[in-house]
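# A structural walkthrough
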Amino acid sequence: MNRRTIIDSSEHHNKAEAFEAFDDIPTNPNLGNTIGDVVNRRYGRREVMRGALAVTATTALFGSTALSTGRARAESGADRFVFDELSWGNDETHHIAEGYDANVLIRWGDPIFPDVADFDPMNQSAEDQLQRFGYNNDYVGFVELEPGRGVLCVNHEYTNEEVMFPGLGRQDRADFEGMTAEIVDIEMAAHGGSIFEIARNGDGVWQVVLDSPYNRRIHPGTEMRIDGPAAGHARMQTGADPSGTQVFGTINNCAGGITPWGTYLMAEENFHGYFWTDTVDGEGDPDVSQMAQAASFERYGVPGRWYAWGQYHERFNIDAEPNEPNRFGYIVEVDPLDPESVPVKHTALGRFRHEGSESIIAPSGQVVVYSGDDNRFDYVYKFVSAGVVGDDRSANMQLLSEGTLYVARYDDDGTFEWLPLVQGEGPLTAENGFETQGDVLIDTRMAADLLGATPMDRPEDIEPRADGSVFVMLTNNTRREEANATNPRPDNAFGHILQMNEAGGDHAALSGTWDILVQCGDPTIDDVGAVWNPETSENGWFASPDNCAVDTAGRLWISTDQGGNWGRTGKSDGLYSLETEGELRGHAKLFFRCPVGGELCGPYFADNDQTLFLAVQHPGTDGTSDFAGFERASTFEDPATRWPDFVDNMPPRPSVVVVTKQGGGQIAV
Ligand code: FEO
Ligand code: CA
Ligand code: CA
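These figures come from a predicted structure and were not determined experimentally.

Calculation criteria
- Residues numbered from 1 in each chain as written.
- Chains lettered and ligands numbered in written order.
- Predicted model: local features only at pLDDT ≥ 70, side-chain atom pairs only at ≥ 80, totals over all residues.
- Heavy atoms only, no water.
- Donors = N, O, S within 2.8 Å, 3.2 Å for Na, K, Ca; no water.
- Helix = DSSP H or I, 4+ residues; strand = E, 2+ residues; numbered from the N terminus.
- Contact = heavy atoms within 4.5 Å.
- pLDDT = per-residue confidence, 0-100.
- Pairing = 2+ DSSP bridges.
- Axes fitted to C-alpha atoms, helices over the stretch in contact; angles between N-to-C directions.

## Thoughts on the coordination of the calcium ion (ligand 2)
- In the first shell of the calcium ion (ligand 2), the protein supplies Glu-355 (OE), Glu-460 (OE), Asp-546 (OD) and Asp-546 (OD), at 2.2 to 3.1 Å from the metal.
- Read from N- to C-terminus, the donor residues coordinating the calcium ion (ligand 2) fall into the pattern E-x104-E-x85-D.
- The distance between the calcium ion (ligand 2) and the calcium ion (ligand 3) comes to 3.0 Å, and Asp-546 binds to both of them. Of this pair, Glu-460 sits in strand S21 (residues 459–464) while Asp-546 sits in strand S25 (residues 545–550), placing them 86 residues apart in sequence.

## Remarks on the environment of Glu-435
- Position of Glu-435 among the secondary structure elements: in the loop between strand S19 (415–420) and helix H13 (437–442).
- Separated by 12 residues in sequence, Glu-435 and Gln-423 place their C-alpha atoms 7.2 Å apart.
- With residues up to four places along the chain from it excluded, the contact list for Glu-435 reads Gln-423 and Ala-430.

## Description of the confidence of the model for the chain
- Per-chain confidence: the chain averages 91 in pLDDT, with 89% of residues scoring 70 or above.
- Across residues 1–18, confidence stays below pLDDT 50; counting only partners more than four residues off in sequence or on other chains, it has 67 contacts.

## Looking at the sheet that holds strand S11 (residues 264–268)
- Strand order in this open sheet of six strands is S9-S8-S13-S12-S11-S10, and the pairing throughout is mixed. Of all strands in the sheet, those bounded by a partner on one side alone are strand S9 (246–248) and strand S10 (253–258). When strand polarity is set aside, the average angle formed by the axes of neighbouring strands in this sheet is 30°.
- In the sheet, strand S12 (residues 331–334) pairs with strand S13 (residues 344–346) via three bridges, with the strands oriented antiparallel. In the sheet register, Glu-333 faces S13, and the bridge partner there is Val-344.

## A closer look at the sheet that holds strand S30 (residues 611–617)
- Here four strands make up an open sheet; going across it, the order is S2-S31-S30-S29 and the pairing antiparallel. A single partner strand is all that each edge strand has here, and the edge strands are strand S2 (100–107) and strand S29 (599–606). Neighbouring strand axes in the sheet, compared pairwise and without regard to direction, differ in orientation by 25° on average.
- In this sheet, strand S31 (residues 655–661) lies alongside S2 in antiparallel orientation, the contact comprising seven bridges. Residue Ile-106 lies in a different strand from S31, and its bridge partner there is Val-656.

So this is what it looks like as structure tokens:
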């Protein structure tokens, strides 16, 4: 499906919306195998759709984790998140709860190396962009060097040409008329990641250290090594790389993770959107039906033709290089402490639209990495390493090369099972097209289809917690017609959050129990079917959970991405606390909100929770036709906001924001 079709769909009425929140049409052919509407069967939809009643129904159905694991304070019903919540709304700037500072640390275009001039958006070049912080900051991770000093790792997921470049506007995906080779190269240079040192100054304020030896840009031209079972596979080989083991760059790096040994994981999400073909049907849509890898291309939505890169760089044109898309859609591991190191694409963690890659050490010492496949009706995965984490950091950096990838099947009775994606086991045989483990990993989605994994409502970020629980953000899925147990609402416009409890509290376990933590949306509208703790205020409920974090106290925080649909709630995207324990389980409060048109990424707690990093992505773009008083698509010349600079001629700039408590101390304590 191409971007033009997406833009034409009735759900998305504004051409200036960031495409990332759209995702794609479902490509899972397996929808006949869904579990079925267990909630309807057992309780009837009407009851479940009624907010307060549904709290009872959900608890009765699936049990409340809180009853067994709550902390004393949570059990007593006290609010563990000590802050006064912000009022909801949407305007041109950001807002933070009273008593906190939210300062911009770095913006798109700010230098990350010494002796680089101030950013001038009227004089951009690819070479210049590579000296600067890239566009659309998403994941933020921090590796501490010593108290008050460390290395920040930030993903640059994608680009919004309409507010990056003068005179361009939103490009028509049919012809990309304004996309010159020069602009394409700047777009490419604004993708990838930024790694740079930050330190507190004498006043305790975090600042970028421009002359640090750690500073580095990762981009689509960065040389990388491919490892794991699919490395060298015939379908990984290209004209430029007959070995199938070396690849240039990484794209659409959405969320990610910092491993226990301090490396930076970059998840490749909507990689399909960057591939091109000149083979289009009468409607101008890509036609891969006659291509050698047609089934795989169709299951992955390759080529998306969202960007014009393939017009100038042959490797992004599948007519010329049909195997290049097989080399994207992985987890990339980067050592942020060695700027000369060659990043590694780990095929062992599978190929899909990886939203993120958060890891935790199991009792056995094995590392477990969770990752969602962000597409409607796609799956939840985890990887369990073969080896165990030890004191040798370089040995730890081999752990993601070998292990077992699993996909989740959720059952009606509130249990789940992890199904191994191992060649030769079950249906993953040569007769079914899986001759090697490399085949399984390149076509992970198709292997998971055969295993009977549960199709979900767009799995976004997944966060494990030390007690064996795992929180899964399911952002929305308006194309769901049939509910299933874990995705209980048809036409799920507002998303929900699933809690998984690994058996025995062991993240390497192969089964466990699950329940639904919240069903998002406005609890005062019966038809929405929202389920929140009744104490949740009009400020506290949210829609479309996307990224999340667990702080050192084990408390959960959620950031949202409603895309162009924020008009349905009237609320900007933001950061919310969400209680998981005790009487207040399901209670959310608003802590930070974005300027109009932005989604909130990060979040990342550092510095013993005294510092919180947030990433405001694509400010001024999403759904600005619903922004009262503006009511049109943003362009470079005419944006809905000029956040954070508010200077004439400077377009809105995606930026990382640092939150600290006034006077110091831990956040929300
Ligand atoms: Fe890049 Fe699924 O958010
Ligand atoms: Ca995301
Ligand atoms: Ca998102």
